[in-house]
Amino acid sequence: RIAYVNGRYVPHSNAMVHVEDRGYQFADGVYEVCEIRHGLIVDLTRHLNRLDRSLSELRIAWPMSRAALTQVIRETLRRNHVRNGLFYLQVTRGVARRDHVFPAEGTPPSIVVTAKSTDPSVIAKKNATGIKAITVPDNRWDRVDIKSVGLLSNALARQQAKEAGAQEAIYIDADGMVKEGAATNVWIVDSDGKLLTRPAENGILRGITRTTLIDVAAKLGLEIVERKFSVSEMMAAREVFITAATSICFPVVSIDGQAIANGHPGSLSQNIREAFFDVAE
Ligand code: PDD
């Protein structure tokens, strides 16, 4: 495997950033994960738009022009022969002697791009059987709308899920309302067949898959309601599913050890999944 690190394509095993990189010391950086399907990058424009927003919220400069970054992404995918898989890109505020305040103006941001292939049969299996989740209180900072590399809470939550025999942890706010997964957005289908998802302005990441899925659902003639929903509404839902660039749309069949509906993946999430790549760009 080959990685792009600050201007060079290097063997993945030897892809390094400096010990004084602010990403390493302060989690002072942002990232994107984007799906590759049949050799095409899914929703690249939306991912780069969100990168732009994350960078500007943190006042980190673009490491290169958007066109140049797109070229680096394509070249990294080409060198790794990725037809189905994903790329990961990370931009940090760069390397400087450790100090909480920003480094001197002109310090170049660090940029890393990696890519890997994924096995479609592993994803197909998760779609067929569904996944299990647990609920956890949201203990993150309140700027989770920024896709920052500060993912300690998310990592601890996913580990807790794993130790409970589950694959995702779903964050719940102080009022008992569902937020999002540790690395996914959460959706439910209510008893009327309506699709519910939390408004993106409300303490969650605006997932790119979430945005595209709203378009997909509209095309399928489904009714979408962006509103908060409670844990009890989720437990009583007809279907629960989670979305992310890495998983598109996985059915959730059990939460905190309790089955959702009949404990099998629902048909609506399956229809959405099948229509997804016709709509995504
Ligand atoms: N995570 N919410 C959180 C907290 C996330 O970390 C992610 C993505 C999402 C879904 O966003 P999108 O549809 O744009 O992937 C929602 C990535 C995949 C990750 O951390 O690996």
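Here is what the cut-offs are and how they apply
Residues numbered from 1 in each chain as written. Predicted model: local features only at pLDDT ≥ 70, side-chain atom pairs only at ≥ 80, totals over all residues. Buried ≥ 20, exposed ≤ 12 C-beta atoms within 10 Å, placed from the backbone. Helix = DSSP H or I, 4+ residues; strand = E, 2+ residues; numbered from the N terminus. Pairing = 2+ DSSP bridges. Near = placed C-beta within 6 Å. Contact = placed C-beta atoms within 7 Å. Axes fitted to C-alpha atoms, helices over the stretch in contact; angles between N-to-C directions. Core = buried A, V, L, I, M, F, W, Y, C linked by C-beta atoms within 7 Å. Domains from an automatic or database assignment. Nonpolar A, V, L, I, M, F, W, Y, C, P; charged D, E, K, R; others polar. Expected span 1.5 Å × (residues − 1).

Student: Help me out: how do you make sense of the pairing of strand S10 (residues 185-189) in this one?
Tutor: Remember that side chains alternate between the two faces of the sheet whenever the strand is regular. Among the five residues that make up S10, five are buried, leaving the element largely enclosed by the rest of the structure. Alternating residues of S10 divide into Asn-185, Trp-187 and Val-189 and Val-186 and Ile-188, and every residue in both groups is buried. When S10 meets strand S13 (residues 239-243), the two strands line up antiparallel, connected through five bridges. Paired with Trp-187 across the bridge in S13 is Phe-241. Relative to strand S11 (residues 195-197), S10 runs antiparallel, the two being bridged by three bridges. Along S11, the bridge assignment pairs Trp-187 with Thr-197. Where S10 folds back on S11, the antiparallel hairpin that results is connected by five residues, among which Gly-193 adopts a positive phi of roughly 85°.

Student: Sorry, what's going on with the site of the ligand here?
Tutor: In the vicinity of the ligand, 14 residues are found, and the nearest of them are Leu-205, Gly-207, Ile-208, Thr-209 and Ala-245. Among the elements that take part in the shell around the ligand, helix H6 (residues 208-219) stands out by supplying three residues, more than any other.

Student: Before we go on, may I ask you to explain the sheet that holds strand S6 (residues 110-117) in this structure?
Tutor: Sheets are built from strands paired through backbone hydrogen bonds, the pairs being either parallel or antiparallel. One open sheet accounts for six strands, arranged S2-S1-S6-S5-S3-S4; its pairing is antiparallel. The sheet is open, and its two edges are formed by strand S2 (8-11) and strand S4 (40-41), each paired on a single side. Sheet analysis places strand S1 (residues 2-5) next to S6, joined by two bridges and oriented antiparallel. Paired with Val-5 across the bridge in S6 is Val-112. Strands in contact with helix H2 (residues 44-58) are strand S3 (29-37), S4 and strand S5 (85-92); relative to S3, the strand with the most contacts, it is inclined by about 175°.

Student: Can you walk me through the nonpolar core in this structure?
Tutor: Among soluble globular proteins, nonpolar side chains are generally buried collectively. Judged by nonpolar contacts, the single largest core of 60 residues is most densely connected at Phe-87, Val-113, Ala-133, Ala-169, Val-240, Val-252 and Ile-255. In this structure, this core is formed jointly by two domains, domain 1 (2-118) and domain 2 (123-279), each of which donates at least three residues. Here Ala-133 is in contact with Ala-161, Ala-166, Glu-168, Ala-169, Ile-170, Val-252 and Ile-255, once residues within four sequence places are set aside.

Student: Can you walk me through the domain arrangement of the protein chain in this structure?
Tutor: Many analyses report the size of an interface as the accessible area lost when the parts associate. Along its sequence, the protein chain is carved into domain 1 (2-118) and domain 2 (123-279). Its C-alpha centre places domain 1 at a distance of 26 Å from the equivalent point of domain 2. Each partner contributes residues to the interface: domain 1 has 20 residues there, and domain 2 has 12 residues. Counting residues per element, the ones that place at least two in the side of domain 1 that touches domain 2 are S3, H2 and S5. Of the residues assigned to the side of domain 1 that touches domain 2, the class counts are seven nonpolar, six polar and seven charged.

Student: Can you walk me through unusual backbone geometry in this structure?
Tutor: Among all residues save glycine, negative phi is the norm, and among peptide bonds the norm is trans. The phi dihedral of Ala-27 falls on the positive side, at around 55°, and the residue is not glycine. In this structure, Ala-27 sits in the loop between helix H1 (22-26) and S3. In this structure, His-81 takes a positive phi of about 55° despite not being glycine. With respect to the secondary-structure elements, His-81 resides in the loop between helix H3 (66-79) and S5.

Student: I would appreciate a short explanation of H6 in the present structure.
Tutor: Since the α-helix packs 3.6 residues into each turn, any two residues three or four apart lie on the same face. An ideal rise of 1.5 Å per residue puts 16 Å on 12 residues; H6 measures up with 17 Å between its terminal C-alpha atoms. Within H6, the full set of buried residues consists of Ile-208, Thr-209, Arg-210, Thr-212, Leu-213, Val-216 and Ala-217. Buried residues belonging to H6 abut H2, S10, S11, strand S12 (224-226), S13 and helix H8 (267-279). Count one or two residues on from H6 and you reach Gly-221, which has phi positive near 75°.

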